[in-house]
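Given next are the chains, with one letter for each unit.
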Amino acid sequence: MAVVRDGAVPVLRRHGESRRLRWTADIPATMDRMAGFNVQNAMAAAMAIAHGVEPGAVARALFTFTTSFEQCPGRLNIHDSHGFRVILDHAHNPAGLAALGKVVTGLTPRHPRSIGMINIPGDRRDGNMLARDAAGAGFPPERMHRVSDEDPADGED
């Protein structure tokens, strides 16, 4: 069994048959497909069908899951209040930060001013911090970096 994308629609392929699933834009956590990493997560979740999970149960999970702080703390949590938007995401490596940058950039037409606080926890190698900075360069222009030595080293990702 495999889950592949046909444009914006995941397709479940099993035993030579194909079944189109729902549009990934309909899944709240994908933010209208802007959060490509959550499109990939949704496709991976659909693989649960291969392990005997009912397709309806997978669909209910995908279409009711959001990136709220209550359901997924620290992962693309969005809070709109007082005329501005806050996005909290623990993008813990350069690839995650680059993916988050794509989401922030995608939101720019609706929210033209962005200020980012980018942090890397623990005692990291210089190369990882430089890679973090390079990934952060893809964000809109108003941003700042802060490196913290206060957190104990928690190993490299």
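To keep things clear, this report deals only with the structure shown in the data block. (Residues numbered from 1 in each chain as written. Predicted model: local features only at pLDDT ≥ 70, side-chain atom pairs only at ≥ 80, totals over all residues. Heavy atoms only, no water.)

### Focus: the packing of helix H3 (residues 94-107) against helix H4 (residues 126-136)
Moving on, step 1. Between H3 and H4, the least distance of the axes is 8 Å, while the angle of their chain directions is 10°. As judged from the angle between their axes, H3 and H4 are roughly parallel. Along its contact with H3, which presents Pro94, Leu97 and Ala98, the element H4 presents Asn128, Ala131, Arg132, Ala135 and Gly136. (Axes fitted to C-alpha atoms, helices over the stretch in contact; angles between N-to-C directions. Helix = DSSP H or I, 4+ residues; strand = E, 2+ residues; numbered from the N terminus. Parallel < 35°, antiparallel > 145°, perpendicular 65-115°, else oblique. Contact = heavy atoms within 4.5 Å.)

### Overview of the side chain of asparagine 77
Moving on, step 1. As for its placement among the helices and strands, asparagine 77 is situated in strand S4 (residues 77-81).
Moving on, step 2. Among the polar contacts made by the side chain of asparagine 77, one reaches the main-chain amide nitrogen of glycine 74 at a distance of 2.6 Å.
Moving on, step 3. Other than its neighbours up to four places away in sequence, asparagine 77 contacts Thr67, Ser68, Phe69, Cys72, Val86, Ile87 and Leu88. (Polar contact = N/O pair within 3.5 Å; in protein donor to acceptor, adjacent residues only side chain to side chain.)

### With respect to the nonpolar core
Moving on, step 1. If you look at the biggest cluster of nonpolar residues, it comprises eleven residues: Met31, Ala35, Leu76, Ala91, Leu97, Leu100, Val103, Val104, Leu107, Ile118 and Ala135.
Moving on, step 2. A per-element tally of this core places H3 first, with five residues. (Core = buried A, V, L, I, M, F, W, Y, C linked by side-chain atoms within 4.5 Å. Buried < 20%, exposed > 50% of the residue type's maximum accessible area, 1.4 Å probe, protein only.)

### A short note on the layout of surface pockets
Moving on, step 1. Counted as a void, the second largest pocket has a volume near 370 Å³.
Moving on, step 2. Contributing to the lining of the second largest pocket are 22 residues, with Phe37, Asn38, Asn41, Phe65 and Arg75 lying nearest its centre.
Moving on, step 3. Taken together, the elements giving at least two residues each to the lining of the second largest pocket come down to helix H1 (36-46), helix H2 (55-64) and H3.
Moving on, step 4. Considering each element in turn, the lining of the second largest pocket owes the most residues, five residues, to H1.
Moving on, step 5. In terms of residue class, the lining of the second largest pocket is made up of 14 nonpolar, six polar and two charged. (1 Å grid on protein atoms, 1.4 Å probe; cavity = no way out; pocket = protein on both sides within 12 Å on 5 of 7 lines; lining within 4 Å. Points joined across faces, edges and corners; volume = space filled by probe spheres on them. Nonpolar A, V, L, I, M, F, W, Y, C, P; charged D, E, K, R; others polar.)

### Considerations on the sheet that holds strand S1 (residues 2-6)
Moving on, step 1. Strand order in the open sheet formed by three strands is S1-S2-S3, and the pairing between neighbours is antiparallel. This sheet does not close on itself; its edge strands, each paired only once, are S1 and strand S3 (17-20). With strand direction ignored, the average angle separating the axes of adjacent strands in the sheet is 30°.
Moving on, step 2. With four bridges connecting them, strand S2 (residues 9-14) and S3 associate as antiparallel partners. What sits directly across from arginine 13, in S3, is serine 18.
Moving on, step 3. Of the strands in this sheet, S1 and S2 are in contact with H1, which crosses S1 at around 140°. (Pairing = 2+ DSSP bridges.)

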